[in-house]
Amino acid sequence: MKAKNLFPYKSVISPLLAVFVNILLVFVVYSVARVEFLFENFDVFRQSVSDGRLPQLLAAGLRFDTPGIFYTNILYIFLMLVPLHLKECRGWYRICKWVFIIVNSMMLVINLADSVYFQYTMRRTSWGVFSEFGNEMNLGKIVWVELWSHWYLVLLAVALIYGMWKLYVSPAMDIRYQNLTRYYILAVLSLVFAAVVTVTGIRGGLLNHWYNYILAFPIAYIAWRLLHRSKGSTARRIGMICGVAAVMLLVTAPIGGWRHRDIRPIAISNANAYTRHPSETALVLNTPFTMIRSIGNTPFANPGYYSDETELESIYTPIIHPDGKTEPNRKNLCVIIIESFGKEYIGAMNRDILGEEYKGYTPFTDSLLTKSAWWRHSFDNGQKSIDGMPSILAGIPSFVRPFVLTPQAVNRIKGIPALLGEMGYSSAFFHGARTGSMGFDGFARSVGFGNYYGREDFSKDPRFGGDEDFDGYWAIWDEPFMKWYALKMTEMTQPFMTAIFTASNHHPFQIPEQYAGKFPEGTMNIHPTVGYTDNALREFFAEAKRQPWYKNTIFVITNDHTNMREHEEYKSDIGIFYGPVVIFDPSGGIPAGEREGIAQQTDIMPTMVNYLGYGKDYVAFGCDLFSTPQDKTWAVSCLNGVYQYVEGNRILQFDGTKTVGLYNIDDHRMRHNLLGKEDPSAMVSRLKAIIQQYMNRMLDDRLAL
């Protein structure tokens, strides 16, 4: 019996290969739109072009085009590859073509339109644009005027859409009724193949393990040929083996990438890793991607607490005005951000909370506190690593959602390295994970760090063990990486400002084999790793003391956020934000001892920048701990939409519209709500001013002067 061809198209390629070719076509369209974006706003990017950075920026754009394209083509890919033999007909694939053309035409138009709108906003449009202009009634007229004045973009859109229509590849499969088993094997493998590639593309990791895909595609093609064309049982078995091998290559690629990188999909802020200037991020990004990634990530809106800007400024302003009395002292600054290093683990910081008998797990840190300035009431501003970075290095707390995951992540900001850079400081950021992990490299560049050093840089140094010091999960073990950090600072020009983000004190909470059983086990998995990290800090300072820059350096030690909690005092709403703020000056210039005031991560920037003699105004949502009276310092955090404001000896909880709690600062378990017994209106007024200043400056791109 002669086999019946159910799909008599002239093309004889499979649906999977057709999807591959058509997706490549979309990449071309996005690249053309990016070039158009460049020419439409050439004055903005003129310096980038003259610096020879254009090829790098255009290439980086492919990394963000990938998730944008896969996000918007998920339906098309599924319709093309759904394992159902009844779909193998001309009508079904005609519907698929229309879905492809309509969706990608819309994305093209959005990209082209944004090249015009960019001149007003200086950033790619986010999902928040719908809220911003939701009540406008004259948008139709505005759009018509812009279409008329930018007629060439209309022609370009028509040409590209026509090109997609003409160059679109339609699939055909030689389906035989008697070989449905073979069909479903091939169809399921094709769908799994496409699903893995799509998920990896959305996460931004498609280009990380390119060699897996280079191997997978020819093997998959061999599998398709053997399963689809061969009649011999041996050949079909070989085809099935090849199919399984191709799927395994695709599955192991993202798993390998996710194991050593951040598990979070690529974010808008990651674009900063490829740019030198904030405006360049618009050329790297594409509008469909920024709109999709900002859905649900538009937490900033003017709350309207104060209609009078003068009144708002009089209650609270984040603009820091140095007194100008401090002369630049040319001291180096070293900021050490320790992963998950909660205050609970530090024995010396818990005398008033857990009692004198509590020892903790940090004997070296305890000894260091006797020589350092530290604050009895000190707080983190967030609960994620990506919260800690902006708070510590740029004075930006985390309200509602992490700053770096919002569209405002590409706002112009000036962090500690940028401000000190104006004073002639060199700067570098260190993180023992692979470059790109957590998007730290992008944020480090955005706040002004001149250099970034990651796992790859450590592994190239012959003085250390290279990848033998990799912990197998996240990063280089803290001890060798921190020693390397000390040596690298010796290579820098003084004065310098550096920051290191440690990694070992993190799930799965392992320590090097040679240290097994050498640190107190405690009651939780994290306790031995806290001991290891504390010892790594000891070894770092031992190495630092041997370096010529040591006596001329100020060390700030803090954490990114807290982690596993043993005691009830650290499980309360405010207790989960208890983190250390420690300033150590080996020369003795900063008096040591516990201080009664309140400190938070966002205070680190104004405190150190002022102390080092920066004399110009700047923006930071904190205060100078050395010059602000102790009863005037404060701390703020946000937990599930509720703001927590600490001032004096009270903790205020405010949900954005009303006060929901008021507690004594020493009521660590938050058992006694004082609301109704005291009037917190003064605290509410100041908190509202802080919130409104934060929201307005985020929306108006006024985080830097």
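Residues numbered from 1 in each chain as written. Predicted model: local features only at pLDDT ≥ 70, side-chain atom pairs only at ≥ 80, totals over all residues. Heavy atoms only, no water.

## Comments concerning helix α23 (residues 681–699)
Here α23 is 19 residues long and its end C-alpha atoms lie 27 Å apart, about the 27 Å a rise of 1.5 Å per residue gives. A positive phi of about 55 degrees marks D701, the residue just after α23. (Helix = DSSP H or I, 4+ residues; strand = E, 2+ residues; numbered from the N terminus. Expected span 1.5 Å × (residues − 1).)

## Structural notes on a nonpolar patch on the surface
A surface patch of nonpolar side chains, about 290 Å² in accessible area, is lined by L17, F20, V21 and L24. Relative to the helices and strands, L17 resides in helix α1 (residues 15–40). A relative accessible area of 34% places L17 in the partly exposed class. (Patch = residues over 30% accessible without salt bridge, like charges linked within 9 Å, V, L, I, M, F, W, Y side chains within 5 Å. Areas by Shrake-Rupley, 256 points an atom, 1.4 Å probe, with all protein chains shown as cover. Salt bridge = Lys/Arg side-chain N within 4 Å of Asp/Glu carboxyl O. Buried < 20%, exposed > 50% of the residue type's maximum accessible area, 1.4 Å probe, protein only.)

## Description of the packing of helix α20 (residues 478–490) against helix α21 (residues 526–544)
At a minimum axis distance of 8 Å, the contact between α20 and α21 shows a crossing angle of 25 degrees. Relative to α21, the element α20 lies roughly parallel. Here α20 and α21 pass one another in a crossing that is right-handed. From α20, D478, E479, P480, M482, K483, Y485, A486, L487 and M489 reach across to α21, where they touch Y532, T533, N535, A536, L537, E539, F540, E543 and A544. Of the residues in the contact of α20 with α21, the class split is 11 nonpolar, 2 polar and 5 charged. (Axes fitted to C-alpha atoms, helices over the stretch in contact; angles between N-to-C directions. Parallel < 35°, antiparallel > 145°, perpendicular 65-115°, else oblique. Left-handed = near helix turned anticlockwise from the far one by under 90°. Contact = heavy atoms within 4.5 Å. Nonpolar A, V, L, I, M, F, W, Y, C, P; charged D, E, K, R; others polar.)

## Observations regarding the nonpolar core
Core analysis: the largest hydrophobic core is formed by 75 residues, its most contacted members being L333, V335, L393, F429 and M497. Per element, the largest residue contribution to this core is 9 residues, and it comes from α23. With residues up to four places along the chain from it excluded, the contact list for L333 reads I416, L420, F496, M497, T498, T553, I554, V556, M608 and L612. Counting 57 residues, the second-largest nonpolar core is a separate cluster that includes L368, M492, F509 and A544. (Core = buried A, V, L, I, M, F, W, Y, C linked by side-chain atoms within 4.5 Å.)

## A short note on the pattern of salt bridges
Within the structure shown, the criterion is met by 24 salt bridges. For E596, the salt bridge identified is with R376, shortest N-O distance 3.4 Å. Residue E596 is found in strand β9 (residues 593–600), and its partner R376 is found in strand β3 (residues 372–379); the two are separated by 220 residues along the sequence. Residue classification places E596 among the partly exposed positions, given a relative accessible area of 45%. Because the salt bridges share partners, they merge into one network encompassing D352, R376, E596 and D666.

## So, the pairing of strand β14 (residues 659–664)
Relative to β14, strand β13 (residues 650–654) runs antiparallel, the two being bridged by 5 bridges. Across the sheet, F654 pairs through a bridge with T659, a residue of β14. Where β13 folds back onto β14 in an antiparallel hairpin, the turn is made up of 4 residues, including G656, whose phi is positive at roughly 105 degrees. (Pairing = 2+ DSSP bridges.)

## Overview of the confidence of the model for the protein chain
Parts of the prediction with low pLDDT should not have their coordinates interpreted in detail. Considering every residue of the protein chain, the mean pLDDT works out to 86; 87% of them sit at 70 or more. In this model, residues 1–12 is a region of pLDDT below 50 whose contacts with residues beyond four sequence positions or in other chains number 31 contacts. Low pLDDT, under 50, characterises residues 132–137; the stretch is placed with 3 contacts to residues that sit more than four places away or in other chains. (pLDDT = per-residue confidence, 0-100.)

## Concerning the packing of aromatic side chains
By the definition in use, this model includes 48 aromatic pairs. Between F458 and W484, the ring centres sit 5.7 Å apart and the planes meet at 85 degrees, which makes this aromatic pair edge-to-face. With F458 in helix α19 (residues 455–459) and W484 in helix α20, this residue pair connects regions lying 26 residues apart in the sequence. For the pair shown, F458 and W484 are each scored as buried. The aromatic ring of Y578 is capped on one face by K343, whose charged end is 5.6 Å from the ring centroid. (Phe/Tyr/Trp six-rings, centres within 6.5 Å; stacked < 30°, edge-to-face > 60°. Lys NZ or Arg CZ within 6 Å of the ring centre and 35° of its normal.)

## So, the packing of α1 against helix α2 (residues 42–50)
Axis separation between α1 and α2 bottoms out at 6 Å; the angle between their running directions is 100 degrees. Here α1 lies roughly perpendicular to α2, going by the angle between them. In contact with F37, L38, F39 and E40 of α1, α2 contributes F42, F45 and V49. For the contact of α1 with α2, the class distribution of residues is 6 nonpolar, no polar and 1 charged.

## What about the sheet that holds strand β11 (residues 634–639)?
The antiparallel open sheet is built from 4 strands, whose spatial order is β11-β12-β13-β14. The sheet is open, and its two borders are formed by β11 and β14, each paired with just one other strand. Averaged over neighbouring strand pairs, the angle between their axes works out to 15 degrees when direction is ignored. Where strand β12 (residues 642–647) meets β13, 5 bridges bridge the pair, whose relative direction is antiparallel. Within β13, the position partnered with V646 by the bridge is I651.

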